[in-house]
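Residue-level listing of the chains:
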Amino acid sequence: MTASAFVDLIKLRLTCLALATTLVGFFLGTRGPVDNTVFFYTMLGAFLVGAGANTLNQYLERDIDAKMKRTESRPLPSGRLSARTVLQFGLAISAAGLVELYAAVNPLTGLLAALTLASYIFAYTPLKRMTPLNTFVGAIPGALPAVFGWTAAGGALGVEALCLFLLLYVWQLPHFFSIAWVYREDYSRGGLKMMAADSRPRGLAAKIAVYCAILVPISFLPTFVGMAGWAYLLSAALAGAVFLAFAVELVWGAMAHAKRFVSVSILYLMALIVTLMADKV
């Protein structure tokens, strides 16, 4: 039992991504000086809940992970940790994070974090074995950290929080469809029902392009609801045009450039987030 096993268990990169979106929500939801104490408890709670969700996901999918090359070295299939240890650890840090957010930040943030955890563990995780539509459900817990970051800073559950949710929700669809294509053989070995397995290359590329086309006008919403100015709108339009161009390339190339598109989608989201935060500053 080593520290590296627990780092692998919590999927540190994925947890940090959720933490980053929580940070964005908190920053945009702050009015006036930042309350450093609330900020600390928000980020700590978000980390614990995210790490707990990823831990419990690995516990529930340990049989699947053992069948796939990209996951066979994880702590459970490799035997570095026992199932009992993983379950106890996942439950403990998840509970600690939820209680801390509810008591030290505010009840609404704690409840939204609980919804994030529950939808990830009890909806998305089992649906991956049942239907290719699982990504549409999995995008919900993926988008919620930004929302509870917003409420942690004192923001209300209004149109601004909805804009953040929609932006992150729709962005995940083309991003994860392309990832599913890159790892389609591995997912098939694990018995996971992913959209890529049930789609022809050009058909899947067309779906990705459609969601990218939907995402671009959604990215304009922060300006129209008063969260950002015209400089952000111009940046979002330019970034969206480039993003759409790469999506169209997928259609013409029948998913030949799917791996590159995954990286482009991350850069696109980073561009939106950075310009959105810079606009507020």
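Per chain, residues are indexed from 1 in the order of the written sequence. The model is predicted, so local features are restricted to residues of pLDDT at least 70 and side-chain atom pairs to those at 80 or more, both for listing and for counting; the totals for chains, interfaces and linings are taken over all residues. Here the side-chain values reflect all heavy atoms present in the structure, with hydrogen atoms and water set aside.

Explain the environment of I93 here, please?
Tracing the sequence through the fold places I93 in helix α5 (residues 83-105). Remark: the alpha-carbon pair of I93 and S235, spanning 142 residues in sequence, is separated by 39 Å. If we skip the residues at most four places from it in the chain, I93 touches L48, A51, G52 and T55. Segments assigned H or I by DSSP are reported as helices when at least four residues long, segments assigned E as strands when at least two residues long, and all are numbered from the N terminus. Contacts are assigned to residue pairs that have any heavy atoms within 4.5 Å of one another.

Please explain the pattern of salt bridges as it appears in this structure.
Any two side chains of opposite charge can pair if their charged atoms end up close together. Each salt bridge in this description consists of a side-chain nitrogen of Lys or Arg and a carboxyl oxygen of Asp or Glu lying within 4 Å of one another. Inspection of the entire model under this criterion finds six salt bridges. When the shortest N-O distance is used, the salt bridge between E249 and R260 registers 2.5 Å. With E249 in helix α12 (residues 230-253) and R260 in helix α13 (residues 258-280), the pair connects residues that are 11 residues apart, well separated along the chain.

Got a minute to help me understand the packing of aromatic side chains in this structure?
Think of a pair of aromatic rings as described by two things: how far the centres are apart, and how the planes are tilted against each other in angle. Centre distance within 6.5 Å is the pairing criterion for rings of Phe, Tyr and Trp, where only the six-membered ring of Trp is used; planes under 30 degrees apart are then read as stacked, over 60 as edge-to-face, and the remainder as tilted. Counted according to the given criterion, the structure contains 12 aromatic pairs. Considering the side-chain rings of Y120 and Y124, the 5.7 Å spacing of their centres and the 40 degrees angle between planes classify their relative orientation as tilted. Of this pair, Y120 and Y124 both sit in helix α6 (residues 107-127), four residues apart, which is roughly one turn of the helix. Residues Y120 and Y124 agree in their burial class; the two are buried. Three or more aromatic residues link up through ring pairs in this structure, and these residues are F136, F177 and Y211. Geometrically, a lysine NZ or arginine CZ counts as sitting over a ring once it is within 6 Å of the ring centre and also within 35 degrees of the ring normal. R62 extends its terminal NZ or CZ atom over the ring of Y59, reaching a point 4.3 Å from the ring centre. The ring of W181 has R184 lying over it, and the distance from NZ or CZ to the ring centre is 3.9 Å. Each residue's exposure class comes from its accessible area (1.4 Å probe, protein chains only) as a fraction of the maximum for that residue type: buried when under 20%, exposed when over 50%, partly exposed otherwise.

Just to check I follow, could you spell out the packing of helix α2 (residues 12-29) against helix α3 (residues 36-60) for this structure?
Pairs of packed helices are described in terms of their axes, by the angle between the two and the distance that separates them. For the pair α2 and α3, the least separation of the axes is 9 Å and the interaxial angle reads 145 degrees. Here α2 and α3 pass one another in a crossing that is right-handed. Contacts between α2 and α3 pair L12, L14, T15, L19, T22, L23 and F26 from the former with V38, F39, T42, M43, A46, F47, G50, A51 and N54 from the latter. The classification used treats Ala, Val, Leu, Ile, Met, Phe, Trp, Tyr, Cys and Pro as nonpolar, Asp, Glu, Lys and Arg as charged, and all other residues, Gly among them, as polar. Within the contact of α2 with α3, the residues separate by chemical class into 11 nonpolar, five polar and no charged. Here an angle of 0 to 180 degrees is reported between the N-to-C directions of two axes, which are lines fitted to C-alpha atoms, with helices fitted over the stretch in contact. With the far helix as reference, a near helix turned anticlockwise by less than a right angle produces a left-handed crossing, and one turned clockwise produces a right-handed crossing.

Please clarify how helix α8 (residues 159-182) should be interpreted in this entry.
Counting along an α-helix, one turn takes 3.6 residues, and residues three or four places apart therefore face a common direction. Spanning 24 residues, α8 covers 35 Å between terminal C-alpha atoms, matching the ideal 34 Å at 1.5 Å per step. Of all 24 residues in α8, 18 are buried, a share of seventy percent or more. By this rule the span expected of a helix is its residue count minus one, scaled by 1.5 Å.

Worth remembering: the numbers are spatial, not functional.
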